[in-house]
Amino acid sequence: MTVTYTSRVATARFGGFSQLLLLWRGSIYKLLYRELLLFLAAYLGLSLAYRFLLSEAQKRLFEKLVLYCDKSANLIPVSFVLGFYVALVLERWWGQFRSVPAPDGLMLAVAGNVHGADARGRIMRRTLMRYGSLAALLVLRAVSTAVYKRFPTTDHLVEAGFLTREERRRLEGLRSPYNKFWVPCAWFGALAGQARREGRVRDDCALKLLMEELNRFRGHCSLLFHYDWISVPLVYTQVVTIAVYTFFVTCLIGRQFLDPAQGYAGHELDLGVPVFTLLQFFFYVGWLKVAEQLINPFGEDDDDFETNTLIDRNFQVSMLAVDELYGEVPALERDRYWDAASPQAPYTAAAAPLRQPAFRGSAFDVALAKEEMQFQPLEDIGETLGDTLEPPPRPPPGTFTRRFSLLRRKNSAGSEGGFGPEPPPGAPPAPAAPGDGDSLGGDTAVLLGDALGGGSGPHDRWLLHPSVDDVV
């Protein structure tokens, strides 16, 4: 049912999309032509009544109504609410497609980890994949009308080979009002555990891989079921629909052509048929019809998902992978490029013009002059950058001693309640009594290498009271 036009737009060319405008199946014309004809008929009916059936007084009253509706139509935010709604529906549509369960990963895990070429191993692999196909079918049967019409009862599932009579008895014997698509998944897990106990699944890592693929497959089934259960909020759909239809009901009156002789602003021309109003109807209502078609892609519209085709493909491919192809590997032989150091696949005459040189990176397109590619001495580079390669300059002499003098003054102020008189430059320091405010403490003396005691430490060249020449 899906309308595929990918090959028509494989290459962009002049008027490439224009050829798609003539398609009918799945087109906007097929969705919209009834509403468009109804709108045009209602518009022309009002126009004819205004021109030929109303009296002059009634015409003046109708003209006032037209002007009022034309002004009020702009108050309806139809493009705003409709744009967000269609974006939401389109995102939901793509999410539903991605949630359709595909058995490819599950069938490869079964084919590679459930061993045995005998009849027991073969029936185990086929049964495991039949359980996977049955789980997907039970979900699709619940959400798709096309699949439900194909398999309306469990008897049809038995007749089609997806379910045995014993399995149907067990399935229907479960007293649960909910969808039972999870039951085949439980059977799959139990059968995989039995295969592990029999040694057909050779280690726990292989069993873990089987269960991980099963959980991923079951997750897609559950997500698809919940997409069908939880719809777009009804109030949102109602708001959008009311906004669109009330806008165009207002336009039926507000976009009428009035008598040019009356001199109304914007009504100097009487065309009879509102061309641009019809285009606006085509775009806005067409947008709404697109959302109506995409909100549930499991119906029977032209662009809905082909669920029955998916069921046929998945069932056939999964059985082929675990049965016909099990253990079959083509004979190993040397490929045609065995002795080639740099193998390259050939091109046909039609594909040869499409061959392009290898891309190595956009920086390889940069062109440099020959003199710009010569290395420069590091000394010249350092001078150019302001001698950044040299070590940073040392602080000028006296900086530390000045800070130390300020520290002594601060300590003295903390004990005497003030800074006190500062000794003149060059005068020897007054002896500090033990424990007075001018004492720096033992820790500071150790740090400075016994500078206060006149010791010969490594820092005895520091000046506790520098001269004016030493202070910066």
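Quantities reported herein were computed from a predicted structural model and do not represent experimental measurements.

**Considering the layout of surface pockets**
Empty pockets left among the atoms are what a rolling probe the size of a water molecule brings to light. For the largest pocket, the calculated volume is near 870 Å³. Along its surface, the largest pocket is lined by 23 residues, and Tyr-5, Gly-26, Ser-27, Ile-28 and Asp-303 are the ones closest to its centre. Among the elements of the structure, α1 (28-53), α3 (78-98) and α12 (275-294) are those that each provide at least two residues to the lining of the largest pocket. In terms of residue class, the lining of the largest pocket is built from 15 nonpolar, six polar and two charged.

**With respect to the packing of aromatic side chains**
Taken as a whole and assessed by the stated rule, the structure comprises 21 aromatic pairs. Centre to centre, the rings of Phe-39 and Phe-281 are 4.6 Å apart; their planes meet at 15 degrees, and the pair counts as stacked. One end of the pair, Phe-39, is in helix α1; the other, Phe-281, is in helix α12, with 242 residues separating them in the sequence. The residues Phe-39 and Phe-281 share a single accessibility class, namely buried. Site record: aromatic cluster; members linked through ring pairs are Phe-39, Phe-247, Phe-248, Phe-281 and Tyr-284. For Arg-125, the ring lying beneath its charged end belongs to Tyr-326, and the centroid distance is 3.5 Å.

**Focus on the confidence of the model for the protein chain**
Of the residues in the protein chain, 81% have a pLDDT of 70 or more, and the chain-wide mean is 85. Segment residues 412-420: pLDDT under 50, and ten contacts once partners within four positions in sequence are set aside and those in other chains are kept. Across residues 432-464, confidence stays below pLDDT 50; counting only partners more than four residues off in sequence or on other chains, it has 32 contacts.

**Some thoughts on the packing of helix α11 (residues 234-254) against α12**
At a closest axis distance of 11 Å, the pairing of α11 and α12 adopts a crossing angle of 165 degrees. Judged by the angle between their axes, α11 and α12 are roughly antiparallel. Where α11 crosses over α12, the two elements pack in a sense that is left-handed. Along the contact surface, α11 presents Val-240, Thr-241, Val-244, Tyr-245, Phe-247, Phe-248 and Cys-251, while α12 presents Thr-277, Gln-280, Phe-281, Tyr-284, Val-285 and Leu-288. Of the residues that constitute the contact of α11 with α12, the class distribution is ten nonpolar, three polar and no charged.

**A few points about α3**
Here α3 spans 30 Å end to end across 21 residues, near enough to the 30 Å set by a 1.5 Å rise per residue. Along α3, the positions that sit buried rather than exposed are Val-78, Val-81, Leu-82, Tyr-85, Val-86, Val-89, Arg-92, Gly-95 and Gln-96. Next to the buried residues of α3 lie α10 (204-229), α11 and α12.

**Here we look at the state of the cysteines**
For the structure on display, the rule yields zero disulfides. For the unlinked cysteine Cys-185, the closest cysteine sulfur is that of Cys-221, found at 5.9 Å. Cys-69 provides the cysteine sulfur closest to Cys-251, a residue in no disulfide bond, and the two sulfurs are 9.3 Å apart.

**Comments concerning helix α5 (residues 119-143)**
For α5, spanning 25 residues, the distance from its first C-alpha to its last is 36 Å, which sits close to the expected 36 Å at 1.5 Å a residue. Most of α5 sits out of view: 19 of its 25 residues are buried.

**What about empty space enclosed by the protein?**
For the coordinates displayed, the defined rule picks out one cavity of 30 Å³ or more. For the largest cavity, the lining is made up of 13 residues, of which Ser-133, Ala-136, Leu-310, Ile-311 and Asn-314 are closest to its centre. Elements with a minimum of two residues in the lining of the largest cavity: α5 and α13 (307-324). Classifying every residue of the lining of the largest cavity gives eleven nonpolar, two polar and no charged.

Parameters and conventions
- Residues numbered from 1 in each chain as written.
- Predicted model: local features only at pLDDT ≥ 70, side-chain atom pairs only at ≥ 80, totals over all residues.
- Heavy atoms only, no water.
- 1 Å grid on protein atoms, 1.4 Å probe; cavity = no way out; pocket = protein on both sides within 12 Å on 5 of 7 lines; lining within 4 Å.
- Points joined across faces, edges and corners; volume = space filled by probe spheres on them.
- Helix = DSSP H or I, 4+ residues; strand = E, 2+ residues; numbered from the N terminus.
- Nonpolar A, V, L, I, M, F, W, Y, C, P; charged D, E, K, R; others polar.
- Phe/Tyr/Trp six-rings, centres within 6.5 Å; stacked < 30°, edge-to-face > 60°.
- Buried < 20%, exposed > 50% of the residue type's maximum accessible area, 1.4 Å probe, protein only.
- Lys NZ or Arg CZ within 6 Å of the ring centre and 35° of its normal.
- pLDDT = per-residue confidence, 0-100.
- Contact = heavy atoms within 4.5 Å.
- Axes fitted to C-alpha atoms, helices over the stretch in contact; angles between N-to-C directions.
- Parallel < 35°, antiparallel > 145°, perpendicular 65-115°, else oblique.
- Left-handed = near helix turned anticlockwise from the far one by under 90°.
- Expected span 1.5 Å × (residues − 1).
- Disulfide = S-S within 2.5 Å.

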